[in-house]
Amino acid sequence: MSVQPVHHPQPQPRVQRTPDGIAAALQGGRRMEFYRELGQAPIDKVEQVLHRWWCEAEMDADPGQDRIIAAARAGTLPTATMADVVRLRRERGGDLPGE
């Protein structure tokens, strides 16, 4: 019997990391706001604009978005401290920036 490595597929983002992918996932007037900001960004800031709007698009594409927003408004959204996040990441073998 031989041992074969197990490859765990990385979860794919809901939104493609392209300007068109971002725009397609944004809701309502936010798409035009994205295109306006992207079009007015200096060339050295374009990557920052794309990254920020990709994060916004990921949230817009989240199927649980309405539930999360309602829980946040009601004050019932679960939270964690940064110390908890760091502890869990270390327990799971994850590296932290600077380590």
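Just above sits the structure.
Residues numbered from 1 in each chain as written. Predicted model: local features only at pLDDT ≥ 70, side-chain atom pairs only at ≥ 80, totals over all residues. Heavy atoms only, no water.

Participant: Mind showing me how you'd approach the overall build of the protein here?
Facilitator: A count of helical and extended segments in the protein gives five helices and zero strands. Mapped from its N terminus to its C terminus, the protein presents α and β elements in the order α-α-α-α-α. Within the protein, buried positions represent 19% of all 99 residues. A separation of at least 24 residues holds for 46% of the contacts in the protein among residues at least 6 apart in sequence. (Helix = DSSP H or I, 4+ residues; strand = E, 2+ residues; numbered from the N terminus. Buried < 20%, exposed > 50% of the residue type's maximum accessible area, 1.4 Å probe, protein only. Contact = heavy atoms within 4.5 Å.)

Participant: Sorry if this is basic, but what is going on with the nonpolar core here?
Facilitator: As a rule of thumb, soluble globular proteins bury nonpolar side chains together. Within the largest apolar cluster, twelve residues are counted, these being V15, I22, A23, A25, L26, F34, L38, A41, V49, W53, W54 and A57. Those elements that place two or more of their residues in this core are α1 (19-25), α2 (30-40) and α3 (46-60). Ranked by residues supplied to this core, first place goes to α3 with four residues. For A41, the contacting residues outside a window of four places in its chain are V46 and V49. (Core = buried A, V, L, I, M, F, W, Y, C linked by side-chain atoms within 4.5 Å.)

Participant: Looking at this structure, how should I read the packing of α2 against α3?
Facilitator: The description of two packed helices rests on the angle between their axes and on the distance between the axes. Where α2 contacts α3, the axes come no closer than 10 Å and their chain directions differ by 170 degrees. If you check the angle between α2 and α3, you find them roughly antiparallel. Within the contact between the two elements, α2 uses R30, E33, F34, E37 and L38 and α3 uses V46, V49, L50, R52, W53, E56 and D60. In terms of residue class, the contact of α2 with α3 is made up of six nonpolar, no polar and six charged. (Axes fitted to C-alpha atoms, helices over the stretch in contact; angles between N-to-C directions. Parallel < 35°, antiparallel > 145°, perpendicular 65-115°, else oblique. Nonpolar A, V, L, I, M, F, W, Y, C, P; charged D, E, K, R; others polar.)

Participant: Is there a simple way to explain the side chain of E58 in this structure?
Facilitator: Tracing the sequence through the fold places E58 in helix α3. Not counting the four nearest positions on each side in its chain, E58 is found in contact with P13, R14 and V15.

Participant: Looking at this structure, I do not really get the environment of A57. What am I missing?
Facilitator: Locating A57 in the fold gives a position in helix α3. Classification of A57 as buried rests on a relative accessible area of 0%. Sequence separation of A57 and V15 is 42 residues, and the distance between their C-alpha atoms is 6.8 Å. A57 has contacts with V15, I22, A25 and L26, leaving out every residue within four places of it along the chain.

Participant: Hey, could you run me through the packing of aromatic side chains in this one?
Facilitator: Aromatic ring pairs are reported here in terms of the distance separating the ring centres and the angle at which the planes meet. Summed over the entire model, instances satisfying the criterion amount to two aromatic pairs. Look at F34 and Y35: their rings are 5.3 Å apart centre to centre, the planes differ by 45 degrees, and that puts the pair in the tilted class. The exposure class assigned to F34 is buried, which follows from its relative accessible area of 0%. By way of ring pairs, the aromatic residues F34, Y35 and W53 are connected into one cluster. The aromatic ring of W54 is capped on one face by R17, whose charged end is 3.6 Å from the ring centroid. (Phe/Tyr/Trp six-rings, centres within 6.5 Å; stacked < 30°, edge-to-face > 60°. Lys NZ or Arg CZ within 6 Å of the ring centre and 35° of its normal.)

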